[in-house]
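# Breakdown of the fold
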Amino acid sequence: MTEVTLVAVDADARPELDPELLTAWLTGTSAPADRPEHITVRSSPGRVELVFFHTTESPCAASSAATEICRRAMEAARQLGGWALVPEL
């Protein structure tokens with residue numbers, strides 16, 4: 001399991017993202033190597049919390065796969081243009 005947060009960084013970004021649509025974008029950009037099982041999305045104005053469930057071999061691989069899925073979705077969907085991944089601490 002990996003948690004990822006997206007935040008709106010652009011004033012022109014949609015104030016809130018549709019969870020079902022975002023789930024579809026993320027699922028659509030997932031590659032077999034990412035080994036996704038399930039994605040949960042919780043959206044609020046200016047912030048989206050994502051939880052990825054994977055069948056990867058390690059937590060590091062799961063985190064890397066989740067980040068790559070998000071990056072691919074953000075590159076593919078114009079609606080995500082004003083959003084960014086919150087850096088991991």
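Above this note sits the structure.
Residues numbered from 1 in each chain as written. Predicted model: local features only at pLDDT ≥ 70, side-chain atom pairs only at ≥ 80, totals over all residues. Heavy atoms only, no water.

### Examining the pattern of salt bridges
Convention followed: Think of a salt bridge as a Lys or Arg side-chain nitrogen and an Asp or Glu carboxyl oxygen that are within 4 Å of each other. Note on conventions: DSSP H or I runs of at least 4 residues are helices, E runs of at least 2 residues are strands, and numbering of each starts at the N terminus.
Taken as a whole and assessed by the stated rule, the structure comprises 4 salt bridges. A salt bridge links E57 to R35; the shortest N-O distance between them is 3.2 Å. Separated by 22 residues along the polypeptide, E57 in the loop between β3 (47-54) and α2 (59-76) and R35 in the loop between α1 (19-29) and β2 (36-44) bring together distant segments of the chain. With its nearest N and O atoms 2.6 Å apart, the salt bridge here joins R47 to E49.

### Some remarks on the packing of α1 against α2
Quick reminder of the rule: Axis lines are fitted through C-alpha atoms, for helices just across the contact stretch, and the angle between N-to-C directions can take any value from 0 to 180 degrees. Working definition: roughly parallel below 35 degrees, roughly antiparallel above 145 degrees, roughly perpendicular at 65 to 115 degrees, and oblique for all remaining angles. Contacts between residues were defined by any pair of non-hydrogen atoms, one from each residue, lying within 4.5 Å. Under the convention adopted here, Pro, Cys and the residues Ala, Val, Leu, Ile, Met, Phe, Trp and Tyr are nonpolar, Asp, Glu, Lys and Arg are charged, and Gly plus all remaining residues are polar.
Running from N to C, α1 and α2 cross one another at 110°; their axes reach a closest spacing of 8 Å. Classified by the interaxial angle, the pair formed by α1 and α2 is roughly perpendicular. Here W25, L26 and T29 of α1 come into contact with α2, specifically with I69, C70, R72, A73 and A76. Taken together, the residues of the contact of α1 with α2 sort by class into 6 nonpolar, 1 polar and 1 charged.

### Considerations on the sheet that holds strand β4 (residues 83-85)
Threshold: Following DSSP output, two strands are said to pair if at least two bridges run between them.
One open sheet holds the 4 strands; their spatial order is β2-β3-β1-β4, and the pairing between them is antiparallel. Edge strands, defined here as strands with exactly one partner in the open sheet, are β2 and β4. Neighbour-to-neighbour, the strand axes of the sheet open up by a mean angle of 25°, direction not taken into account. In the sheet, strand β1 (residues 2-8) pairs with β3 via 6 bridges, with the strands oriented antiparallel. If you follow T5 over to β3, its bridge partner there is E49. Across the sheet, α1 touches β2 and β3, and the angle it forms with β2 is around 145°. Sheet strands touched by α2: β1, β3 and β4. Its angle to β3, the strand with the most contacts, is close to 130°.

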